[in-house]
Number of protein chains: 2
Amino acid sequence: MEEDILYHLDLGTKTHNLPAMFGDIKFVCVGGSPNRMRAFAQFMHRELGLAGDGEDVADICAGSDRYAMYRAGPVLSISHGMGIPSISIMLHELIKLLHHAKCRDVTIIRIGTSGGLGIKAGSVVITDTAVDSSFQPRFEQVVLGDVVVRSTELDKDLAEELLACSREIPDFPTLIGHTMCTYDFYEGQGRLDGALCSFSSEKKLEYLRRAYDAGVRNIEMESTAFAALCGLCGLKAAVVCVTLLDRLEGDQIRASHEVLWEYQQRPQRLIAALIRKRLGLGPRSSRKEISLLWA
Amino acid sequence: MEEDILYHLDLGTKTHNLPAMFGDIKFVCVGGSPNRMRAFAQFMHRELGLAGDGEDVADICAGSDRYAMYRAGPVLSISHGMGIPSISIMLHELIKLLHHAKCRDVTIIRIGTSGGLGIKAGSVVITDTAVDSSFQPRFEQVVLGDVVVRSTELDKDLAEELLACSREIPDFPTLIGHTMCTYDFYEGQGRLDGALCSFSSEKKLEYLRRAYDAGVRNIEMESTAFAALCGLCGLKAAVVCVTLLDRLEGDQIRASHEVLWEYQQRPQRLIAALIRKRLGLGPRSSRKEISLLWA
């Protein structure tokens, strides 16, 4: 291909010098919300001790409103919207970008929010296996009208390394478990409070308890596609999500904005600890620093 | 339910007076891009002759960055992101909002972008039937781990009414056809230029030609879920998308930003004509006015 236009990122091989812009990227962190991924880039800017306060971090994809992209040193922070189709488009174009930029040894981590299963709200789940709504470790991709089944394995060493990092952050519980990925937030996750609901509270709890018994500890909407695409393209990948509620106790997210904001920083703090360790920097972020930073 | 929190819209029945805010809404227009839906609200503000220039239209969902929502008179304009899961979350919360606000006789229209099949780039397709990647008029919704098949019928009278309105806008071709809805932009739509591709150009063209022969005239990523959910909830719904390229001729979107921006106004102009007609206002927007407006 003479020119490759990464349409949804508003980047391209002819219009941008991708090796110069991205060749030294070693960590890519992705998450649903553009504001959160901007905040993560600002946070990493400080965590890495980069010059300036990092507040004016620029959106590299400013020409498109589909995704937002920021960088802080060797860390790229990108939003992916909600759901498998949205993250898939971003990942295809991101993986092509990393290829064009000749990046090497990139670690990619999804830092997201999720519903918990049988664990305290605010817990952080490191995914060992992403499973579908039948609790199977597979992702079904339609290719030219036919279903192709793909593995959703994630990098085991990276998950263990993240768990080891979490032991140095005593402020919140972190655990390893299966993550269930669905195509829908309401009916697909057994919520009773959507515009439509055709099942009883009993049926819902029976389903969620079966998920728990199969090892599922949280539910979100991107992990199977993320694991499958990164795995096929040879990227070491992890999924680290905070839980905003315990789905065995309810459907609605009722915590205050402040509590939810603090929850959302938890995966960020864990990833910052990993990146600092990998770069040979010591531990840094204390709860106090964080609360000052995000006040 | 004592309180209903529409989490992803950052609205709720206790925190907002939804009947006062939305009770007089008669038209809801939804589309992927927040910037485009903001521009549509500004455009409708002028088309309806509302006071002020409408440039400072406020995002009603400013407390969340998941979706953006604007209003212009009786018209609500909301972004839904990309893909079925993303539009489904928004629709569940929107439909609950319309219910809580006691709205009556609401018409809902998706105004989107798409890839065309065998038609000129810039053509506008009014969907008669939304079909899946096997060209079937169905939407498969997973409920508690089981697949439920739903109809994707859209309102036939509304489609005909839109086609009649299009006859008064000679600047671009408008047609009625089937719209194929996929879960993926690259492999799922037979693109050769994703990060992964396991099929030949011949297989791709064979698939796209089969789609054409089945009546498909454009391809996008939301219409089946939109048709199914609106249909089940009794909303009269239409899908009107402009085509950014002809997929029988290529995969990449190579038109300039300016050309693409003008294309994206085409469904907006058609919907404005319908809304003006419904409200008893005469025809108004000429190409010159539009180009001044969006210059």
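As a reminder, the structure under discussion sits directly above these lines.
First things first, this report covers the structure right here in the doc.

Rules used throughout
Residues numbered from 1 in each chain as written. Chains lettered and ligands numbered in written order. Predicted model: local features only at pLDDT ≥ 70, side-chain atom pairs only at ≥ 80, totals over all residues. Heavy atoms only, no water. Least-squares fit on C-alpha atoms with pLDDT ≥ 70 in both. Contact = heavy atoms within 4.5 Å. Core = buried A, V, L, I, M, F, W, Y, C linked by side-chain atoms within 4.5 Å. Buried < 20%, exposed > 50% of the residue type's maximum accessible area, 1.4 Å probe, protein only. Helix = DSSP H or I, 4+ residues; strand = E, 2+ residues; numbered from the N terminus. Expected span 1.5 Å × (residues − 1). Polar contact = N/O pair within 3.5 Å; in protein donor to acceptor, adjacent residues only side chain to side chain. Buried area = accessible area lost by both parts, 1.4 Å probe. Salt bridge = Lys/Arg side-chain N within 4 Å of Asp/Glu carboxyl O. Pairing = 2+ DSSP bridges. Axes fitted to C-alpha atoms, helices over the stretch in contact; angles between N-to-C directions. Parallel < 35°, antiparallel > 145°, perpendicular 65-115°, else oblique. Left-handed = near helix turned anticlockwise from the far one by under 90°. Nonpolar A, V, L, I, M, F, W, Y, C, P; charged D, E, K, R; others polar.

A word on the relation of the copies chain B and chain A
Line of reasoning, step 1. Expressed as a screw operation, the relation of chain B to chain A combines 0.0 Å of axial shift with a rotation of 180°, fitting to an RMSD of 0.0 Å. The transformation just described matches what one would write down for a two-fold rotation axis.
Line of reasoning, step 2. When you check the interface residues of chain B against chain A, 100% turn up at the interface there too, and the contact is symmetric in its surfaces.

Concerning the nonpolar core
Line of reasoning, step 1. Counting residues in each nonpolar core, the largest one holds 79 residues, and the members touching the most others are V28, L91, I108 and F226 of chain B.
Line of reasoning, step 2. When residues in this core are grouped by element, the largest group, nine residues, is from helix α3 (residues 84-100) of chain B.
Line of reasoning, step 3. Membership of the second largest hydrophobic core comes to 77 residues, among which are Y67, V106 and L235 of chain A together with C165 of chain B.

Structural notes on helix α2 (residues 34-47) of chain B
Residues and elements named next belong to chain B.
Line of reasoning, step 1. The terminal C-alpha atoms of α2 lie 20 Å apart, and with 14 residues this matches the ideal 20 Å at 1.5 Å per residue to within 8%.
Line of reasoning, step 2. Counting buried positions along α2 yields 10 of 14 residues, so the element is predominantly enclosed.
Line of reasoning, step 3. The complete set of buried residues in α2 reads R36, M37, A39, F40, A41, Q42, F43, M44, H45 and E47.
Line of reasoning, step 4. A side-chain oxygen of the first residue of α2 lies 3.4 Å from the backbone nitrogen of N35; this N-cap is S33.
Line of reasoning, step 5. Where α2 ends, the next residue or the one after it, G49, has phi of about 65°, a positive value.

Regarding the interface of chain B and chain A
Line of reasoning, step 1. At the junction of the two partners, chain B supplies 64 residues and chain A supplies 64 residues.
Line of reasoning, step 2. Overall, the association of chain B and chain A removes approximately 5,300 Å² of surface from exposure, summing both partners, and the carbon and sulfur fraction of that is 59%.
Line of reasoning, step 3. On inspection of chain B and its partner chain A, the count reaches four salt bridges.
Line of reasoning, step 4. We note a salt bridge from R254 of chain B to E3 of chain A, for which the minimum N-O separation is 3.4 Å.
Line of reasoning, step 5. Between the two partners, chain B and chain A, sit 22 residue pairs in polar contact (both at pLDDT 80 or more).

A short note on unusual backbone geometry
Line of reasoning, step 1. Its identity as a non-glycine residue notwithstanding, K102 of chain A has a phi of 60°, on the positive side.
Line of reasoning, step 2. Considering the arrangement of structural elements, one finds K102 of chain A in the loop between α3 (84-100) and β6 (107-116).
Line of reasoning, step 3. The phi dihedral of F135 of chain B is positive, around 70°, even though this residue is not glycine.
Line of reasoning, step 4. Checked against the element boundaries, F135 of chain B lands in the loop between β7 (124-131) and β8 (138-143).

Looking at the pairing of strand β5 (residues 75-79) of chain A
Residues and elements named next belong to chain A.
Line of reasoning, step 1. In terms of burial, β5 is largely enclosed, as five of its five residues are buried.
Line of reasoning, step 2. What you see with β5 is no split at all: V75, S77 and S79 on one side and L76 and I78 on the other are buried throughout.
Line of reasoning, step 3. Bridge count for strand β3 (residues 27-31) against β5 is five bridges, and the pairing is parallel. The partner of F27 across the bridge, within β5, is V75.
Line of reasoning, step 4. By the bridge criterion, four bridges tie strand β4 (residues 69-72) to β5 in an arrangement that is antiparallel. Among the inter-strand pairings, R71 is bridged to a residue of β5, identified as L76.
Line of reasoning, step 5. Counted between consecutive antiparallel strands, the loop separating β4 from β5 contains two residues, among which G73 sits at a positive phi close to 55°.

Here we look at the side chain of T127 of chain A
Residues and elements named next belong to chain A.
Line of reasoning, step 1. Tracing the sequence through the fold places T127 in strand β7 (residues 124-131).
Line of reasoning, step 2. A distance of 2.6 Å separates a polar atom in the side chain of T127 from a polar atom in the side chain of T179.
Line of reasoning, step 3. Not counting chain neighbours up to four residues away, the residues in contact with T127 comprise L154, A159, G177, T179 and V239.

Details of the packing of α3 of chain B against helix α6 (residues 223-232) of chain B
The packing of two helices is summarised by the inter-axis angle and the distance between the axes.
Residue and element names in this part refer to chain B.
Line of reasoning, step 1. The N-to-C vectors of α3 and α6 enclose an angle of 20°; their axes lie 9 Å apart at closest approach. Taken together, the axes of α3 and α6 lie roughly parallel to each other. By crossing handedness, the relation of α3 to α6 is classed as right-handed. Taking contact as the criterion, the partners of I84, I87, S88, L91, H92 and I95 in α3 are, on α6, T224, A225, F226, L229 and C230.
Line of reasoning, step 2. Residue composition of the contact of α3 with α6, grouped by class: eight nonpolar, three polar and no charged.

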